[in-house]
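Spelled out from the first residue to the last, the chains are:
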Amino acid sequence: LCAFLNCEGGTVLFGVSDSGKIIGQAVSDGTKRIIADAIARLEPAASVQISYIPIPGTDKKVIAVHVEDARLDRPFMYKGRPYIRIESTTTTMPASTFEHLLLERDGTRHRWESFLNEDLRLSDMDNEEILKTVRLGIENGRLPESTGTDVPTILEKLDLMRDGVLTHAAAILFANKQMLIDYPQCTMRLARFRGTDRREFIDSQRLHGNIFRLFDAAMAFLFKHLNLSGRIEGAVREERLSIPYKALREGVLNAIAHRSYRDAGGSVAVAIYDDRVEIENPGGLPRGWDVDKLKSEHKSSPQNPLIANTLYKRGYLETWGRGIKLIMDECREAGLPEPEFKADSVDTMLVFRYKVAESDKYPTSTDQVPTKYRPSTDQVMV
């Protein structure tokens, strides 16, 4: 159980053999005391769900002891020792892994997103967006049906409010625009340049809002300025962008979810050129990471766990670090060059390259594009 807590969560079954045969387990008050005593030896204290499932026709039961993903509280120890799962085996955690998780936990507790803001009120939150998150979370199987519609309770369950006080993460995710004046980092820059450099732009916007408003605006801008092509698949006409929608969506989500929000002067930027799209965000890769590790199989290591957790619950992000692979696979299937990743200690950039016909370089807006984000001509992307 300790090993599951140090990974992605899991369930320990008593009364089931390794081959899956249901044998059953005698359950007495003494059994329950032993289990309770064992759980009490977990450090830090963990939320453990215990179920006793009767086996028909016998007086025995299957005992299921379950823990959810608790990455914000790792590392866990049992009787003073940390354990970890490697494939199907439980083993003592290496000292280097323990130290890494310990530093990660302490860093999480001192992350800017988790700080409380006494000036924020529930009335400053976008209740419609909060309830939409719950609805999508239930539809995706990432929130239980019992989550309910009480906004304070929802925010507490998402770790976005503690003792009635909202966190910075709550503001970044759900604050109304008028309350984001104290959060200049909730800004996104969008630009369509003529040619392949920044000397002249066709359209430029600078937007301010919570994560979901900025995400919608970025996707609308990309739809507006990237060419749509169509082909017939059976009886259905399939519309495709110059760059696959799923790859663009994942790129934008990664930029707004994993950027550094501590820097009040930073902002996510989406720049479209004749030959490429650049998505840039302030903040480097996690400590010890480089571009090669980013592109290889890896576990998720979000810079903003509270924000990323809410986006995961809503069905926007995965927790398995599959986003980069999805981006690369989508581009490969579309016959596009492999996207480029550029990162240093300050910024991270994703570059999609593509080619368009000369006659299609500067298309007008498509009918499907939302028009509530009016293009401006007096703002230049810098």
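Everything below is about the structure shown above.
Now for a look at the structure at hand.

Definitions and cut-offs
Residues numbered from 1 in each chain as written. Predicted model: local features only at pLDDT ≥ 70, side-chain atom pairs only at ≥ 80, totals over all residues. Heavy atoms only, no water. Core = buried A, V, L, I, M, F, W, Y, C linked by side-chain atoms within 4.5 Å. Buried < 20%, exposed > 50% of the residue type's maximum accessible area, 1.4 Å probe, protein only. Helix = DSSP H or I, 4+ residues; strand = E, 2+ residues; numbered from the N terminus. Contact = heavy atoms within 4.5 Å. Phe/Tyr/Trp six-rings, centres within 6.5 Å; stacked < 30°, edge-to-face > 60°. Expected span 1.5 Å × (residues − 1). Pairing = 2+ DSSP bridges. Axes fitted to C-alpha atoms, helices over the stretch in contact; angles between N-to-C directions.

**Some words on the nonpolar core**
Core analysis: the largest hydrophobic core is formed by 68 residues, its most contacted members being Val277 and Phe352. At 9 residues, helix α7 (residues 211-225) tops the list of elements feeding residues into this core. When neighbours within four sequence positions are excluded, valine 277 is seen to be in contact with Leu222, Leu226, Ile243, Val270, Ala271, Ile272, Leu350, Val351, Phe352 and Tyr354. Phe4, Leu42, Val67 and Phe76 belong to the second-largest nonpolar core, a separate cluster that totals 7 residues.

**Comments concerning the packing of aromatic side chains**
For any two aromatic rings, the description comes down to two numbers: the centre-to-centre distance and the angle of the planes. Counted under the stated rule, the structure contains 6 aromatic pairs. Relative to tyrosine 316, the ring of phenylalanine 215 lies with its centre 5.6 Å away and its plane at 55 degrees, an arrangement referred to as tilted. With phenylalanine 215 in helix α7 and tyrosine 316 in the loop between α10 (305-313) and α11 (323-333), the pair connects residues that are 101 residues apart, well separated along the chain. Between phenylalanine 223 and tyrosine 245, the aromatic rings sit 5.8 Å apart at their centres with planes inclined by 50 degrees, giving tilted as the arrangement.

**Focus: helix α8 (residues 245-258)**
Here α8 contains 14 residues, and its C-alpha end-to-end distance of 20 Å stays within 8% of the 20 Å for a straight helix at 1.5 Å per residue. Among the 14 residues of α8, 11 are classified as buried, and the element is accordingly described as predominantly covered.

**Let's talk about the sheet that holds strand β3 (residues 49-54)**
Strands belonging to one sheet form pairs held by backbone hydrogen bonds; the direction of such a pair is parallel or antiparallel. Here 3 strands make up an open sheet; going across it, the order is β1-β4-β3 and the pairing antiparallel. Edge strands, defined here as strands with exactly one partner in the open sheet, are β1 (10-14) and β3. With strand direction ignored, the average angle separating the axes of adjacent strands in the sheet is 20 degrees. As paired elements, β3 and strand β4 (residues 61-67) share 6 bridges and run antiparallel to each other. Among the inter-strand pairings, isoleucine 50 is bridged to a residue of β4, identified as valine 65. Against the sheet, helix α2 (residues 29-40) engages β3 and β4, with an angle of about 155 degrees to β3.

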